[in-house]
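The chain contents come next:
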Amino acid sequence: MPTTGRFAPSPSGPLHFGSLVAALASYCQARSQQGQWLLRIEDVDTPRVVGGSDQQILRDLEAFGFTWDGPVLYQSDQFEQYRFYLEQLFARGDCYGCECSRRSLREQGARSGPLGQIYPGNCRRKNLAPAGHSIRLNTAAANTIEFVDQVYGKFELNLPESVGDFVLRRADNIFAYHLAVVVDDELQGVDEIVRGADLLENTCLHIFLQQKLGFANPRYMHIPLVNNAQGVKLSKQTGANPIDHRHASRQLVAALSHLGQSPDVDLQHASPEEVLGWATTNWQPGSIPALQAASVETFGA
Ligand code: GLU
């Protein structure tokens, strides 16, 4: 069966070179297997959405020669689905209401793990109603979750010790990224996920949630992050330059080099569609370096 991949940007600003690398890697991995490539706008965290940036992202992708399959899925249209699966978990006793705030946990001396505060399970047995409280997934029985990443190899995380019960819906009723991404990937039939290496730990949470919901586990490929010249990960928060339509092919060629591919420098004078055609035909996922991050020359205004 042909594979289904996806690119899932958050509309909190325009795409930068790091997001271009993620788009390109997921595109090449899907298309080189004659698979589908879907586009999903991850606007579940509505207060962080920057108006109009979804349209900007679509324009950027088009200018860089990308074509996706089917309609764009918006997480803001999926709330009924997230509610449905959350209710299932609640009915089975897998999650519970929690009244702890970050501050109260800090004051109680909660330890920190790779994903922030480790939740000590204070509210597990309080039987709090979901309304007005955050909802957490009980990880007591999770133990170590492991998976084999196609770039980074075997990766594992002990959920109860390193993360604790994580939030699936915040007290302000906003569904967590973890729930949204797992539900959407299942409902969209995504069977291979390609995304940045900053999400390696998160993948263990997603696998546990997939198990709890009876979903299939997709294959995973995490790709090295892009740092700026100061060694800081490119992100909207750190003010990364938006990708620049005037140099689309040059940036695609640089993104391919970051991914360990060997594009001919002359390719930067070809059209973006030609660069993507070359990239798909010559795609070597085995050459992607398993680095935490690498610095590259950044582009843009
Ligand atoms: N929306 C996430 C981001 O923009 C990507 C999540 C994913 O690919 O699973 O960083």
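In short, a report on the structure. Computed from a predicted model, the values in this text were never measured in an experiment. (Residues numbered from 1 in each chain as written. Predicted model: local features only at pLDDT ≥ 70, side-chain atom pairs only at ≥ 80, totals over all residues. Heavy atoms only, no water.)

## Observations concerning the overall build of the protein
Right, so step 1: Across its full length, the protein holds nine helices and 14 strands.
Right, so step 2: The C-alpha radius of gyration of the protein comes to 20 Å, within 12% of the 19 Å expected for a compact globule of 301 residues.
Right, so step 3: Principal axes of the C-alpha set define a box for the protein whose edges measure 65 × 40 × 40 Å.
Right, so step 4: In the protein, buried positions account for 51% of the 301 residues.
Right, so step 5: A fraction of 77% describes how many contacts in the protein between residues 6 or more apart in sequence connect residues 24 or more apart.
Right, so step 6: Across the protein, the 25 positively charged side chains and the 32 negatively charged ones have centroids separated by 9 Å. (Helix = DSSP H or I, 4+ residues; strand = E, 2+ residues; numbered from the N terminus. Rg over C-alpha atoms; globule rule 2.2 N^0.38 Å. Buried < 20%, exposed > 50% of the residue type's maximum accessible area, 1.4 Å probe, protein only. Contact = heavy atoms within 4.5 Å. Lys, Arg positive; Asp, Glu negative; His and termini not counted. Charge placed at Lys NZ, Arg CZ, Asp CG, Glu CD.)

## Quick notes on the packing of helix α1 (residues 17–31) against helix α9 (residues 272–281)
Right, so step 1: At their nearest, the axes of α1 and α9 sit 8 Å apart, and the two run at 60° to each other. Taken together, the axes of α1 and α9 are oblique relative to one another. When the axes of α1 and α9 are compared, the crossing they make is right-handed. Contacts between α1 and α9 involve Leu 24, Tyr 27, Cys 28 and Arg 31 from the first element and Leu 276, Ala 279 and Thr 280 from the second.
Right, so step 2: In terms of residue class, the contact of α1 with α9 is built from five nonpolar, one polar and one charged. (Axes fitted to C-alpha atoms, helices over the stretch in contact; angles between N-to-C directions. Parallel < 35°, antiparallel > 145°, perpendicular 65-115°, else oblique. Left-handed = near helix turned anticlockwise from the far one by under 90°. Nonpolar A, V, L, I, M, F, W, Y, C, P; charged D, E, K, R; others polar.)

## Some details on the sheet that holds strand β10 (residues 167–169)
Right, so step 1: Read across the open sheet, the three strands follow the order β4-β7-β10; overall the sheet is antiparallel. Looking at strand neighbours, the two that pair on one side only are β4 (95–98) and β10, the edges of this open sheet. Shown here is a sheet whose adjacent strand axes are inclined to one another by a mean of 40°, direction ignored.
Right, so step 2: Where helix α3 (residues 79–91) meets the sheet, its contacts fall on β4, β7 (134–137) and β10, and the angle it forms with β4 comes to roughly 95°. (Pairing = 2+ DSSP bridges.)

## Some remarks on the packing of aromatic side chains
Right, so step 1: In the structure shown here, the tally under the stated rule is 11 aromatic pairs.
Right, so step 2: Ring geometry for Phe 79 against Phe 175: centres 5.8 Å apart, planes inclined by 45°, an arrangement best described as tilted. One end of the pair, Phe 79, is in helix α3; the other, Phe 175, is in the loop between β10 and α6 (177–187), and 96 residues separate them in sequence.
Right, so step 3: Overall, the relative accessible area of 26% leaves Phe 79 in the partly exposed class.
Right, so step 4: Taken together, the ring pairs connect Phe 7, Tyr 27, Trp 37 and Phe 66 into an aromatic cluster.
Right, so step 5: Here the guanidinium or amino end of Arg 136 rests over the ring plane of Tyr 119, the centre of that ring lying 3.7 Å away. (Phe/Tyr/Trp six-rings, centres within 6.5 Å; stacked < 30°, edge-to-face > 60°. Lys NZ or Arg CZ within 6 Å of the ring centre and 35° of its normal.)

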